[in-house]
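So the chains spell out like this:
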Amino acid sequence: MSRKACKYELISNIMIKRILLITLIFMPLFTAQSQKESFSIWGRIVDSGFNPIESFSIKVFELNAFTDQRKKIQDLKVWDHNGEFLIKNLSAQPYLIEITVENYTRYSIIKTVADKNESVGEIVLQNTW
């Protein structure tokens with residue numbers, strides 16, 4: 001093998017080792033990002049005539065199954081002409097969702113998030129006045 005070919009092989013081996021080293025260093029960062037998935041819950045709020053309720057409040061609580069305690073993680077004010085809502089940035093676990101609308105019954109549901117995009121469906125609230 002010529003001297004030039006040996007030098008080229010040595011440089012090639014050094015480059016391959018550097019690429020492998022960089023890959024090994026950054027691989028855990030990419031793996032951690034892919035494991036931290038973001039989940040969401042969506043639904044629609046309507047009145048007893050199935051007309052959308054445009055303005056409502058949603059409180060989202062994490063539930064601790066062992067201690068039966070809850071921790072508020074989101075407090076949303078929603079204004080949507082179709083009565084639709086989307087709760088983002090959740091992890092896969094159970095949540096208590098409380099929906100309040102002035103002059104309507106309060107609504108609560110426990111929803112366990114297992115899929116990336118969970119639905120609570122159409123929620124019908126009864127008027128209290």
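Preceding block: the structure.
Because the structure is a prediction, the values reported are computed rather than measured. (Residues numbered from 1 in each chain as written. Predicted model: local features only at pLDDT ≥ 70, side-chain atom pairs only at ≥ 80, totals over all residues. Heavy atoms only, no water.)

Regarding the nonpolar core
Counting 20 residues, the largest nonpolar core has Phe-56, Ile-58, Phe-85 and Ile-99 as its most contacted members. Contributions of two or more residues to this core are made by strand 1 (39-47), strand 2 (55-64), strand 4 (84-90), strand 5 (94-100) and strand 7 (117-125). (Core = buried A, V, L, I, M, F, W, Y, C linked by side-chain atoms within 4.5 Å. Buried < 20%, exposed > 50% of the residue type's maximum accessible area, 1.4 Å probe, protein only. Helix = DSSP H or I, 4+ residues; strand = E, 2+ residues; numbered from the N terminus.)

Considerations on the packing of aromatic side chains
Following the criterion strictly, the structure yields one aromatic pair and no others. A ring pair is formed by Phe-56 and Phe-85, whose centres lie 6.2 Å apart and whose planes are at 80°; its orientation type is edge-to-face. On the criterion of sequence distance, the pair formed by Phe-56 in strand 2 and Phe-85 in strand 4 is long-range, its members being 29 residues apart. Accessibility expressed as a relative area gives 6% for Phe-85, which makes it buried. One Lys or Arg, Arg-70, reaches over the ring of Phe-61 and ends 4.4 Å from the middle of that ring. (Phe/Tyr/Trp six-rings, centres within 6.5 Å; stacked < 30°, edge-to-face > 60°. Lys NZ or Arg CZ within 6 Å of the ring centre and 35° of its normal.)

Focus on the pattern of salt bridges
Per the counting criterion, the structure on display carries five salt bridges. A salt bridge links Asp-75 to Lys-72, with the shortest nitrogen-to-oxygen separation between them at 3.6 Å. Residue classification places Asp-75 among the partly exposed positions, given a relative accessible area of 40%. Since its relative accessible area comes to 43%, Lys-72 is described here as partly exposed. (Salt bridge = Lys/Arg side-chain N within 4 Å of Asp/Glu carboxyl O.)

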